[in-house]
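Working through the structure, step by step
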Amino acid sequence: MASYVARKGPLVFSNLGKWAYNLSGFNQYGLHRDDCLYENEDVKEAVRRLPRKLYDERNYRIIRALHLSMTKTILPKEQWTKYEDDVKYLEPYLKEVEKEREEREEWNKNH
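Calculation rules
Residues numbered from 1 in each chain as written. Predicted model: local features only at pLDDT ≥ 70, side-chain atom pairs only at ≥ 80, totals over all residues. Heavy atoms only, no water. UniProt positions renumbered as here; feature names shortened; annotations may be inferred. Helix = DSSP H or I, 4+ residues; strand = E, 2+ residues; numbered from the N terminus. Buried < 20%, exposed > 50% of the residue type's maximum accessible area, 1.4 Å probe, protein only. Contact = heavy atoms within 4.5 Å. Areas by Shrake-Rupley, 256 points an atom, 1.4 Å probe, with all protein chains shown as cover. Expected span 1.5 Å × (residues − 1). pLDDT = per-residue confidence, 0-100. Patch = residues over 30% accessible without salt bridge, like charges linked within 9 Å, V, L, I, M, F, W, Y side chains within 5 Å. Salt bridge = Lys/Arg side-chain N within 4 Å of Asp/Glu carboxyl O.

- The name given to the protein in an unreviewed UniProt entry is Cytochrome b-c1 complex subunit 7, and the organism recorded there is Drosophila hydei.
- In its Function (unreviewed entry) section, the UniProt entry covering the protein states "Component of the ubiquinol-cytochrome c oxidoreductase, a multisubunit transmembrane complex that is part of the mitochondrial electron transport chain which drives oxidative phosphorylation."

Here's what the structure looks like:
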């Protein structure tokens, strides 16, 4: 995983995508898209595999967002996560976990 560089921003830039991203509201708390994924077993394992620095950054963003939510405030607009800058930091780990799970299921089916 050391050679992987996380993809920044969307694959396709569109006004509709940017509108939907901003409407979701998580960016107003400084969260990234990957911070908001439903934590099924694959996501939990991918999070567990994150390097310590990424894991700590993720936890900081989530704790800050929880604090902001409890105080019913949002970040100043200049601190919102921008659509173009949203880093898909969990993507390579999640793909690896999903691939391993699919291989394991295939192997169990044949043996």
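Now, onward.
Considering the overall build of the protein
- A tally of regular secondary structure across the protein gives four helices and zero strands.
- Secondary structure elements of the protein occur, N-terminal to C-terminal, as α-α-α-α.
- The buried share of the protein, reckoned over its 111 residues, is 30%.
- Of the contacts formed within the protein by residues at least 6 apart in sequence, a portion of 86% connects residues at least 24 apart.
- Taken as a whole, the protein presents about 7,900 Å² of accessible surface, with 57% of it coming from carbon and sulfur.

Here we look at helix α4 (residues 91-110)
- Taking 1.5 Å of rise per residue, 20 residues should cover 28 Å, and α4 covers 29 Å from first to last C-alpha, within 8% of that figure.
- Among the residues of α4, Glu-91, Pro-92, Tyr-93, Leu-94 and Val-97 are the ones counted as buried.

As for the confidence of the model for the protein
- Overall, the prediction assigns the protein a mean pLDDT of 89, with 88% of residues at 70 or greater.
- Taken element by element, the predicted model of the protein shows its lowest mean pLDDT in helix α1 (residues 15-24) (86) and its highest in helix α3 (residues 52-70) (97).

A short note on a nonpolar patch on the surface
- Together, Leu-16, Trp-19 and Leu-23 make up an exposed nonpolar region whose accessible area comes to about 390 Å².
- Here Leu-23 falls in the exposed class, since its relative accessible area comes to 57%.

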